[in-house]
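Listed below, chain by chain, are the residues.
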Amino acid sequence: MLLVTDDRGLATLATSPVSGFRVEVVPAEELIETPSAQPPALVLLDVEQAEEFSSFQLARTLATSQPEVPVVGLVEAGDMEEALALVRLGARDVLTKPVRPIELRRTIARFVGGLS
Amino acid sequence: MTAAPQLVLIASPHGTVRERLVEAVGRAGHPLMQVPKLEEQAQRRGCRTPDVIVCDAAAWRAGREFLADYGHPRVLLIADDASRRRRVYLEDEGVEAFADDPVSDLELYCVLEELLSREPRPARVEQAGDAPGANDSGQGGDPKVVAAVRDLEARIARGDLPSCTLAPNGVELEGVLGDPAASAADLLGKVEQDPSLVAAVVREANGPLHRGRAKVVGLRAAARRVGARKVVEVARKEALRGGFGASTSDWDRVFARLWQSTVVTAQVARRIGVLVGHRDPDALYSLALFADIGQAALVDVYRGIGRAPPEDGIPRGELAALLAGEHAAVSARMLEAMGMPSSTRALALQHHQPGDMSCRTPLGRACWILAAASSAVVAAGCTAWEGQRAEPDPRIAAATLGLEAERLAELAEDVIEEWEGTEASTSQELPAEDAEATGDAEDAEGAEDAEDAEGADEEEAAVIPPEDVEEVEPEDPEAAAAS
């Protein structure tokens, strides 16, 4: 599973109890330039990146190059426009920050399965 | 299906508009650049070439000539009210998609997606080979020709209109002005044989001195407004500007052929107008001349890049493709630069493709009349270039106007026959070398005579107020002597 963010605070999500999955943390810009060879099971995409709009560009890139990979957006609460933009670009769901671990587990379970 | 990310260049002189577009395009997931003016990015070296340009009308107006410097990317225009009205015209300039201003994220996303899902439109001159009338041997994509046409467009955009008046017509005009017996009707008859002269008079009638008044299109309406003295002044100035330097030697035959086709078409358009009860057949005549005004400009450009004239005076191959593909657009651009009403420009642009216009509107009906005239003239064998096709189908054009196809064909044949008959009789009256030297103008005069025979002369005499008629006659000998 890929957690696409350059926010250190959010990167702690990678240490959340999502047993059975290896979580990698990468900024969107890096993933656009060097896509992962192995399609991830799920991409958690933080909208706010240092490089403006790179998250949307990544969402579009994934939608065309790896459409089978589910993308879940992470947006600030109340940021409807960005959430809608991600959905237009193929995001399967959008979670608001701060993400609660239980919500994250449910979402992962919904798209990837295998979590209890 | 989502399209892959495309590099988008956002252009607008307004910072707030740019900011808004940057957000919308950025959220659509496309990498982007932004500039206030299109030329800025075009002139920077080493910059990536955008796949799509998203700009507002102001940026497009100021920088559309630089489109080629970007390698003809796709263009999405954020259209204001004026742009929406000029949509057809903008499409011809290369705009492929439109979004209404102010545009929402969702709307821009949808329009961009739709644009990227379409096949790119070929560059305009490269399209010439497929255009109506284009010959198989057309080489419209020759970089030299493309560059020359682009240069012409840039000059027109700057208001530097090409001078392409037919030289012998200028001489003829001087002849009329120098004839004490010539009437105002003779003068108008001579002026109306040359699109450039008509355009100059109409431009004067719509100029700053007459600001606030309704735009006029027809020569007679323009002449009524400005008066005969001004008609003389403007027409002479225009004839002198272009007539005695523009077309010379072998190219004269090409120009003459184009002029014959244009004037015959205009006459047919006027007669169709009378037949279908159009309220201003004379305006149709002028509009038909305007619609083809770009032809001579294109030939002039082609000659300017050192191409040899066709031996028999019949444009073919590359030149035919250029004329077929570009003349309507160049005419429309020239008319815009002349300050003609947008409806006139739209007619010029659409006069071979009236199908987009409803025959129930005045503009659409005029467009169909021009198209029917042009199509019938070509079908009757009077072509401006080799391989010119009668488009739209004359039968469809006739049916759309409620005419019998046979009647339309007869009309065109009659006008052509009158033209050719007069040409033959004029040639017999003149010594061979004189006939050759003034053949073009004599042809035109013959056509005019044919019109006069129908009583048009009386109408012409009646359209200028008597005081204006009186002004012309005593003034002519002096004017001729001065010249």
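Please refer to the structure higher up on the page.
Residues numbered from 1 in each chain as written. Chains lettered and ligands numbered in written order. Predicted model: local features only at pLDDT ≥ 70, side-chain atom pairs only at ≥ 80, totals over all residues. Heavy atoms only, no water.

Chemist: Let's hear about the overall build of chain A: which residues, and what values?
Modeler: From N to C terminus, chain A includes five helices and five strands. Going from the N terminus to the C terminus, chain A shows its helices and strands as β-α-β-α-β-α-β-α-β-α. Across chain A, every contact between residues at least 6 apart in sequence was considered, and the portion connecting residues at least 24 apart equals 57%. Accessible surface, chain A as shown: approximately 5800 Å² in total, 52% of it carbon and sulfur. (Helix = DSSP H or I, 4+ residues; strand = E, 2+ residues; numbered from the N terminus. Contact = heavy atoms within 4.5 Å. Areas by Shrake-Rupley, 256 points an atom, 1.4 Å probe, with all protein chains shown as cover.)

Chemist: Got a sec to walk through the side chain of B:R27? Specific residues and values, please.
Modeler: Residue placement: B:R27 occurs in helix α1 (residues 15-27). Beyond its immediate stretch of four places on either side in the chain, B:R27 contacts A:F53, A:F56, A:E81, A:E82, A:A85, A:L89 and B:D105.

Chemist: Talk me through helix α7 (residues 143-157) of chain B; I want residue IDs and the actual numbers.
Modeler: Residue and element names in this part refer to chain B. Between its first and last C-alpha atoms α7 spans 21 Å; for 15 residues at 1.5 Å apiece the expected length is 21 Å, and the two agree. V145, V146, A148, V149, L152, E153, A154 and I156 are the residues of α7 that are buried. Following α7 by one or two positions, G159 adopts a phi angle in the positive range, close to 90 degrees. (Expected span 1.5 Å × (residues − 1). Buried < 20%, exposed > 50% of the residue type's maximum accessible area, 1.4 Å probe, protein only.)

Chemist: An account of the packing of aromatic side chains is requested, with residue identities and associated values reported.
Modeler: Each pair of aromatic rings is reported with the distance of its centres and the angle of its planes. Taken as a whole and judged by the stated rule, the model has one aromatic pair over all chains. Between A:F53 and A:F56, the aromatic rings sit 6.5 Å apart at their centres with planes inclined by 45 degrees, giving tilted as the arrangement. With respect to class, A:F53 is no different from A:F56; both count as buried. A cation over a ring is seen here: A:R88 above B:Y109, with NZ or CZ 5.5 Å from the ring centre. (Phe/Tyr/Trp six-rings, centres within 6.5 Å; stacked < 30°, edge-to-face > 60°. Lys NZ or Arg CZ within 6 Å of the ring centre and 35° of its normal.)

Chemist: Mind laying out the nonpolar core, listing which residues take part and the relevant values?
Modeler: Of all hydrophobic cores here, the largest spans 93 residues; its most connected members are B:V191, B:V268, B:I272, B:F290 and B:L401. Looking at this core, the element that brings in the most residues is helix α13 (residues 251-275) of chain B, giving eleven residues. A:A59, B:V8, B:I10 and B:L108 belong to the second-largest nonpolar core, a separate cluster that totals 42 residues. (Core = buried A, V, L, I, M, F, W, Y, C linked by side-chain atoms within 4.5 Å.)

Chemist: Outline helix α9 (residues 184-191) of chain B, supporting the account with residue identities and numerical values.
Modeler: For α9(B), the buried fraction is high: seven of the eight residues fall into the buried class. Residues B:A184, B:A185, B:L187, B:L188, B:G189, B:K190 and B:V191 constitute the buried set of α9(B).

Chemist: Let's hear about the pattern of salt bridges: which residues, and what values?
Modeler: Enumeration over the complete set of coordinates arrives at 21 salt bridges over all chains. Salt-bridge contacts for B:R333 lead to B:E153; the nearest nitrogen and oxygen are separated by 3.5 Å. Placement of the pair is B:R333 in helix α16 (residues 317-337) and B:E153 in helix α7, with a sequence separation of 180 residues. Residue B:R333 shares its accessibility class with B:E153, and that shared class is buried. Between B:E386 and B:R316 there is a salt bridge; the shortest N-O distance is 3.0 Å. With B:E386 in the loop between α18 (362-379) and α19 (394-401) and B:R316 in the loop between α15 (293-304) and α16, this pair connects stretches of sequence that are 70 residues apart. Because the salt bridges share partners, they merge into one network encompassing A:E81, A:E82, B:R20, B:E23, B:R27 and B:D105. (Salt bridge = Lys/Arg side-chain N within 4 Å of Asp/Glu carboxyl O.)

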